[in-house]
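# Observations on chain architecture
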Amino acid sequence: AQSVSQHNHHVILSEAASLELGCNYSYGGTVNLFWYVQYPGQHLQLLLKYFSGDPLVKGIKGFEAEFIKSKFSFNLRKPSVQWSDTAEYFCAVIRNTGFQKLVFGTGTRLLVSP
Amino acid sequence: NAGVTQTPKFQVLKTGQSMTLQCAQDMNHEYMSWYRQDPGMGLRLIHYSVGAGITDQGEVPNGYNVSRSTTEDFPLRLLSAAPSQTSVYFCASRAEQGRTEAFFGQGTRLTVV
């Protein structure tokens, strides 16, 4: 069973549209949560992270994410996307037990049309 | 700072050949990992290490070996390459505690023919 689920595999938006990408995880207990972005032909870069505190976290390039513990979710949002946001987005989770492996979702490929 | 350095960037192998993908980091990170990225499957963990001399298997370890003799280096060995190992491989490192982000290398695109 997939421990980190991203339900949207492909998303196509026009510029200025709002974005929300879903992420759910299946671990109990304390977790650390991340969103990474991979631009075409590049390696993964961190967008934002949540460890504790305010469940609404802000990242780079106008992205934000909200941690809802009761729903085991960490959805990524951006009010107005740009063509340059075309990329693949990965949700990732570290479960704070054992060796604390970083586990990724399957990714969401976003295409923003001008 | 170099961060995480992977070599080579591209490699073509014949079925049955062996090779080593190199990964080095200069951040004194304890945790290092190898992932493979395949379309529609995200990044899957192959092997990881929590410090020199300590390694363990991830989700898809078959056909790969690792060792960690120093903090800086974490090579990934393909013992006998198979077409199913055609993928993009990423090495990542992070500090020991969970409250840290992972830093990724540029990736190695491997094709096995």
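Below you will find a few notes about this structure. (Residues numbered from 1 in each chain as written. Chains lettered and ligands numbered in written order. Predicted model: local features only at pLDDT ≥ 70, side-chain atom pairs only at ≥ 80, totals over all residues. Heavy atoms only, no water.)

Looking now at the overall build of chain A. Check the secondary structure of chain A and you find zero helices and twelve strands. Ordering the α and β elements of chain A from the N terminus gives β-β-β-β-β-β-β-β-β-β-β-β. Computed over its C-alpha atoms, the radius of gyration of chain A comes to 14 Å, within 12% of the 13 Å expected for a compact globule of 114 residues. Taken over the C-alpha atoms alone, chain A extends approximately 45 × 30 × 20 Å along its principal axes. The burial tally for chain A puts 50% of its 114 residues in the buried class. Looking at chain A alone, contacts between residues at least 24 apart form 54% of all its contacts between residues at least 6 apart. As presented, chain A carries roughly 5,400 Å² of accessible surface, and 54% of it is formed by carbon and sulfur atoms. Once the 10 positive and 7 negative side-chain charges of chain A are each reduced to a mean point, those two points are 9 Å apart. (Helix = DSSP H or I, 4+ residues; strand = E, 2+ residues; numbered from the N terminus. Rg over C-alpha atoms; globule rule 2.2 N^0.38 Å. Buried < 20%, exposed > 50% of the residue type's maximum accessible area, 1.4 Å probe, protein only. Contact = heavy atoms within 4.5 Å. Areas by Shrake-Rupley, 256 points an atom, 1.4 Å probe, with all protein chains shown as cover. Lys, Arg positive; Asp, Glu negative; His and termini not counted. Charge placed at Lys NZ, Arg CZ, Asp CG, Glu CD.)

The next thing to look at is unusual backbone geometry. Note that the residue after threonine 7 of chain B, namely proline 8 of chain B, is joined by a cis bond; omega there is -5°. Along the chain, the position of proline 8 of chain B falls in the loop between strand S1 (4-7) and strand S2 (10-13). Notably, alanine 16 of chain A is not glycine yet its phi reads approximately 80°, a positive angle. The topology assignment puts alanine 16 of chain A in the loop between strand S2 (10-14) and strand S3 (19-21). Even without being a glycine, asparagine 28 of chain B presents a positive backbone phi close to 60°. Tracing the backbone shows asparagine 28 of chain B in the loop between strand S3 (19-25) and strand S4 (31-38). Residue class for asparagine 28 of chain B comes out exposed when judged on its relative accessible area of 57%.

Here the focus is the environment of valine 57 of chain A. All names here are of chain A. Among the secondary structure elements, valine 57 is positioned in strand S7 (residues 56-58). Its relative accessible area of 11% is what places valine 57 among the buried residues. Each C-alpha atom of the pair valine 57 and phenylalanine 67 lies 8.1 Å from the other, and the pair is ten residues apart in sequence. What valine 57 contacts, discounting residues up to four positions off in sequence, is Leu48, Lys49, Tyr50, Phe63, Glu64, Ala65 and Phe74.

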